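Fold and contact review
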Amino acid sequence: MPIDSHGLTWRAEALDSGHSEDDLAQLIASKDLLRVSRGVYVIADRVKDLYVPDELYRLKCVAAATRTDTPFVLSHQSAAAVLRLPLLNPDRSRVHVVRDGARGSRRSTRHVHEGPTEGATVTVDGMTLTGLLRTTVDVAAEAAAGGRFARALAVFDSALRAGVLREELTEVLEQRRRRGIAVARYALRLADGRAANPGESWSRAQLIEAGLPKPDLQHEYVVTIDGVRQRAFTDFDWNEKVSGELDGTVKYLKHRRPGESELDAILREKKREEALRDVGTDPIRWTIDDLWRGRMVGRVAERLRRFGIL
């Protein structure tokens, strides 16, 4: 199966190389070949160790940028995908582009943004896209204009974690139009690069919006597990009395050791939790589903009251 330099398989090239429509249909039916966009595919094994929805969207943006004879600049969520800048609940339905002098428009597969691009673009694998700084502010400003504080906070957290300076983000943000600027400024002021992922950013956004005490992030403890003293970091911490953890299977898989099963990783995490209790903090856990359903804030508030923090 022909694969281009971006890891994509194009239907026309596959047919030219001797594969039939039936061959492609069978590979798609067996999920050995995954659809990226119309007439563009990726071999499933190339994305098996990645978060598939994000990777398929990244490849969709790559395909759009490399299949057209009309130059454009990838922007917003699409530039973030190519730059691998983690976002909270990104829009994967459209490819986002920006053009100088163009009127903004939305179609079923593409969102054209208007705005200047001079001095704000980079080239990645032959594609032109807005750079990390501009992309971060674009995504945050759009989220803030829609009143989505959590999404703005999450992208600012991601940029700071990637090494972008808060002062640089502030400078670019202040050049924006006023709609949503107060929300964006607030998010940038509270952004923290210690947040490990957008889920943790979303958790913190809900805590902030509920007016709960500010937690310390990635707080370090020294614990003893199986007789061995070691360091343990918690996602959130309040006065070394209550610690918080965003839980989920993805977390366990990410930190699974070589040869370790998912169950082994979960059991190891349970030992870590007991070790944290032994040093005096009371761990509380929540999931992405708890965040969607609005159940996390109440549980945290109850625990903070129990320990005299709230």
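For the structure given in this document, a descriptive report is provided here. All of these numbers come straight from a predicted model, not from anything done at the bench. (Residues numbered from 1 in each chain as written. Predicted model: local features only at pLDDT ≥ 70, side-chain atom pairs only at ≥ 80, totals over all residues. Heavy atoms only, no water.)

Right, let's get into the pairing of strand β13 (residues 282–286). With five of five residues buried, β13 is to be regarded as a mostly interior element. Residue alternation in β13 divides its side chains into two sets, Asp282, Ile284 and Trp286 and Pro283 and Arg285, and both sets are buried. One ladder, built from five bridges, connects strand β12 (residues 242–246) with β13; its direction is parallel. Across the sheet, residue serine 243 finds its bridge partner in β13, namely proline 283. (Buried < 20%, exposed > 50% of the residue type's maximum accessible area, 1.4 Å probe, protein only. Helix = DSSP H or I, 4+ residues; strand = E, 2+ residues; numbered from the N terminus. Pairing = 2+ DSSP bridges.)

On to the side chain of threonine 117, then. By the secondary structure assignment, threonine 117 is in the loop between β7 (110–114) and β8 (121–124). Using a relative accessible area of 11% as the deciding quantity, one classes threonine 117 as buried.

Where strand β1 (residues 9–10) meets strand β3 (residues 40–43), two bridges bridge the pair, whose relative direction is antiparallel. Bridged to threonine 9 within β3 is tyrosine 41. Relative to β3, strand β2 (residues 33–37) runs antiparallel, the two being bridged by four bridges. Among the inter-strand pairings, leucine 34 is bridged to a residue of β3, identified as valine 42. Between the end of β2 and the start of β3, which pair antiparallel, lie two residues, with glycine 39 showing a positive phi angle near 75°.

Following the criterion strictly, the structure yields 24 salt bridges and no others. The salt bridge involving glutamate 55 is made with arginine 58; its shortest N-O contact spans 2.8 Å. Of this pair, glutamate 55 and arginine 58 are both found in helix α3 (residues 52–67), three residues apart, which corresponds to roughly one turn of the helix. Since its relative accessible area comes to 7%, glutamate 55 is described here as buried. Judged by its relative accessible area of 13%, arginine 58 falls in the buried class. With a shortest N-O distance of 3.1 Å, aspartate 226 and lysine 271 are connected by a salt bridge. Remark: lysine 271 occurs in helix α11 (residues 262–278) and aspartate 226 occurs in the loop between β10 (216–225) and β11 (228–238); sequence separation between them is 45 residues. Residue class for lysine 271 comes out partly exposed when judged on its relative accessible area of 44%. The structure contains a network of salt bridges with shared partners spanning Asp247, Glu273, Glu274, Arg277, Asp282, Arg285 and Arg303. (Salt bridge = Lys/Arg side-chain N within 4 Å of Asp/Glu carboxyl O.)

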